[in-house]
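Survey of secondary and tertiary structure
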Amino acid sequence: VSIGLFTVKGLNYGIDFKGGIMIDVRTQGPADIGALRDQLGGLGLGEVALQEFGQPDNVLVRVQRQEGGEAAQQAAVATVKKALGPSVEYRRTEFVGPKVSDELFWDGVLAVSYAIIAILIYIWFRFEWQFGLGAVAALLHDVLSTIGIFALLGLEFNLSTVAAILTIAGYSINDTVVVYDRVRENLRKYKKLELPELLNNSVNQTLSRTVMTSGTTLLALFSLYFLGGEVIRDFSFAMIWGVIIGTYSSICLAVPLLLYLNIRRSGGKALTAEEAASTSP
């Protein structure tokens, strides 16, 4: 479904990926980000993003790329400066062209891909290759579902979202490693216990830890979402979704997949296809 949404509807790319205008301004005293956002939001320039940049009186204004050539971009800058007036100091104005934004997009794709490959290698050496494949399948599920929810809701997809996806990957693999470690321990301990029951017991033994960890993390993320302001709202939403879906995938996807990957018991041979079929529920 996520791939279909991405293909048909596409993502609502932010200025980082579409290109646009960046204006660095300094206000007289601490900037009122909310008032500035209301002031610039009604100019008809499309997406306008503001964030504090270094100091409380330093604000970075980002305006989406305007239809037309350089003249259209200059006109947008003039409109913003007219709305802000002479009371602010304009420190620099930059244009992010389509070539730079395209490079940023592919850099983000490579960052996510390299992270997943590195996690696969780590799990492979830490456990067995079957565990590595199960962990990566769960990670791909988390990443794709996050992209899908952004496409479905039309939320802005920018570099902050890429950072959220990388954070989600790290959080999800942490949960998966905890459950996998218990699975490996039980495989060594219970050599005659049927695999479905062994995996089920392993999940149950780590379930309270997983749920409590995710619950406390969500408390902080919901606070950021409701109280953190517009700048980090989409990032917070991505993290909330990622924690929920990452917890689900660690329990309901990463572990059950081991049944179909012929995991080996400690000191024994890998299960054959017939043995794996006979132990399946």
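Our structure is the block above this text.
An account of the accompanying structure is given in this report.

Rules of the game
- Residues numbered from 1 in each chain as written.
- Predicted model: local features only at pLDDT ≥ 70, side-chain atom pairs only at ≥ 80, totals over all residues.
- Heavy atoms only, no water.
- Helix = DSSP H or I, 4+ residues; strand = E, 2+ residues; numbered from the N terminus.
- Expected span 1.5 Å × (residues − 1).
- Polar contact = N/O pair within 3.5 Å; in protein donor to acceptor, adjacent residues only side chain to side chain.
- Buried < 20%, exposed > 50% of the residue type's maximum accessible area, 1.4 Å probe, protein only.
- Arc of directions from axis to C-beta.
- Contact = heavy atoms within 4.5 Å.
- Pairing = 2+ DSSP bridges.
- Axes fitted to C-alpha atoms, helices over the stretch in contact; angles between N-to-C directions.
- Phe/Tyr/Trp six-rings, centres within 6.5 Å; stacked < 30°, edge-to-face > 60°.
- Lys NZ or Arg CZ within 6 Å of the ring centre and 35° of its normal.

In this model helix H7 (residues 159-189) runs 45 Å from its N-terminal to its C-terminal C-alpha over 31 residues, within 8% of the 45 Å that 1.5 Å per residue would give. Between the side-chain oxygen at the start of H7 and the backbone nitrogen of Ser 160 there is a gap of 3.0 Å, and the oxygen is on Asn 158.

Counted at 1.5 Å a residue, the expected span for helix H4 (residues 70-84) with its 15 residues is 21 Å, and the 21 Å between its end C-alpha atoms agrees. Among the residues of H4, those classed as buried are Ala 72, Gln 73, Ala 76, Val 77, Val 80 and Leu 84. Angular distribution of buried residues about the axis of H4 spans 140°; they occupy a single face of the element. Turned more than 90 degrees away from the buried face of H4 sit Ala 71 and Lys 82, all of them exposed. Contacts made by the buried residues of H4 are with strand S2 (20-26), helix H3 (33-41), strand S4 (55-64) and strand S5 (89-96).

Here we come to the sheet that holds S4. The strand order S3-S4-S2-S5 describes an open sheet built from four strands, whose pairing is antiparallel. Where the open sheet ends on each side, the last strands, each with one partner, are strand S3 (48-53) and S5. Taking the axes of each pair of neighbouring strands and ignoring which way they run, one obtains an average angle of 20° across the sheet. The sheet contact formed by S3 and S4 spans six bridges and is antiparallel. Note on S4: the bridge partner recorded for Phe 53 is Gln 55. Strands in contact with H4 are S2, S4 and S5; relative to S5, the strand with the most contacts, it is inclined by about 155°.

Under the defined criterion, the tally for this structure stands at nine aromatic pairs. Ring plane angle 80° and centroid distance 4.9 Å describe the contact between Phe 131 and Tyr 180, whose orientation is recorded as edge-to-face. Taken together, the residues span a long stretch of sequence, with Phe 131 in helix H6 (residues 129-153) and Tyr 180 in helix H7 at a distance of 49 residues. Neither residue differs from the other here; Phe 131 and Tyr 180 are each classed as buried. Between Tyr 225 and Phe 226, the aromatic rings sit 5.1 Å apart at their centres with planes inclined by 85°, giving edge-to-face as the arrangement. For Phe 226, a relative accessible area of 55% puts it in the exposed group. Put simply, the rings of Tyr 13, Phe 150, Phe 157, Phe 222, Tyr 225, Phe 226 and Phe 237 pair up and form one aromatic cluster. Over the aromatic face of Tyr 90 sits the side chain of Lys 81, whose NZ or CZ is 5.2 Å from the ring centroid. In this arrangement the basic side chain of Arg 233 is found over the ring face of Tyr 225, its NZ or CZ atom lying 5.5 Å from the centre.

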